[in-house]
Amino acid sequence: MRILVADDDAVFRKLYSSLLEHNGHDPVLVETGEQAWQALQRIDAPRFAVLDWTMPGIEGVDLCRRLRAT
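In this text the structure is predicted, and so the values were computed from the model without any measurement.

> Whenever I open this one, the nonpolar core confuses me. Can you help?
Most often, soluble globular proteins have nonpolar side chains that are buried together. Formed by L4, A6, V28, V30, A36, W37, A39, L40, M55, I58 and L63, the largest nonpolar core amounts to eleven residues. Looking at this core, the elements with two or more residues in it are strand 1 (2-6), strand 2 (26-30) and helix 2 (33-41). Element by element, the count of residues in this core is highest for helix 2, at four residues.

> Even after reading the chapter, I still don't get the pattern of salt bridges, so can you show me in this structure?
Opposite charge on two side chains lets them pair, provided their charged atoms get close. On inspection of all chains with the given rule, the structure shows five salt bridges. Residue R2 is joined to D44 by a salt bridge in which the shortest nitrogen-to-oxygen separation is 3.8 Å. Here D44 lies in the loop between helix 2 and strand 3 (48-51) and R2 lies in strand 1, a separation of 42 residues in the sequence. We classify R2 as partly exposed; its relative accessible area is 30%. Classification of D44 by relative accessible area gives partly exposed; the value is 38%. A salt bridge links R65 to D62, with the nearest nitrogen and oxygen atoms 2.9 Å apart. One end of the pair is R65 and the other is D62, both in helix 3 (residues 60-69) and three residues apart, which spans about a single turn. Through salt bridges with shared partners, one network takes in R2, D26, R42 and D44.

About the criteria used
Residue indices begin from 1 for each chain and proceed along its sequence in written order. Where local features are concerned, this predicted model is filtered to residues with pLDDT of at least 70; where side-chain atom pairs are given and counted, the filter is 80 or more; whole-chain, interface and lining totals use all residues. As a rule here, side-chain values come from all non-hydrogen atoms in the structure, and water together with hydrogens is ignored. Definition used in this section: a nonpolar core is a set of buried Ala, Val, Leu, Ile, Met, Phe, Trp, Tyr and Cys residues joined via side-chain atoms within 4.5 Å. Only protein chains enter the area calculation, which uses a 1.4 Å probe; residues under 20% of their type maximum are buried, those over 50% are exposed, and those in between are partly exposed. Numbering goes from the N terminus for both helices and strands, where a helix is a DSSP run of H or I of at least four residues and a strand is a run of E of at least two. Salt bridges are counted wherever a side-chain nitrogen of Lys or Arg sits within 4 Å of a carboxyl oxygen of Asp or Glu.

This is the structure:
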């Protein structure tokens, strides 16, 4: 399963990526809320997302609100 990981901390992105790959998933890594929003708007968007609460641009909670509104 493709899983979006949105976190501005490179250490956490690497940790999530390693854990997800170890469990057979395909992580999609982004650094900002805007990048996460763009990734989730694609036709082949990941069906699951792990979002940091505070990120540059769009924060995780605001990204959730946007997703619910669509």
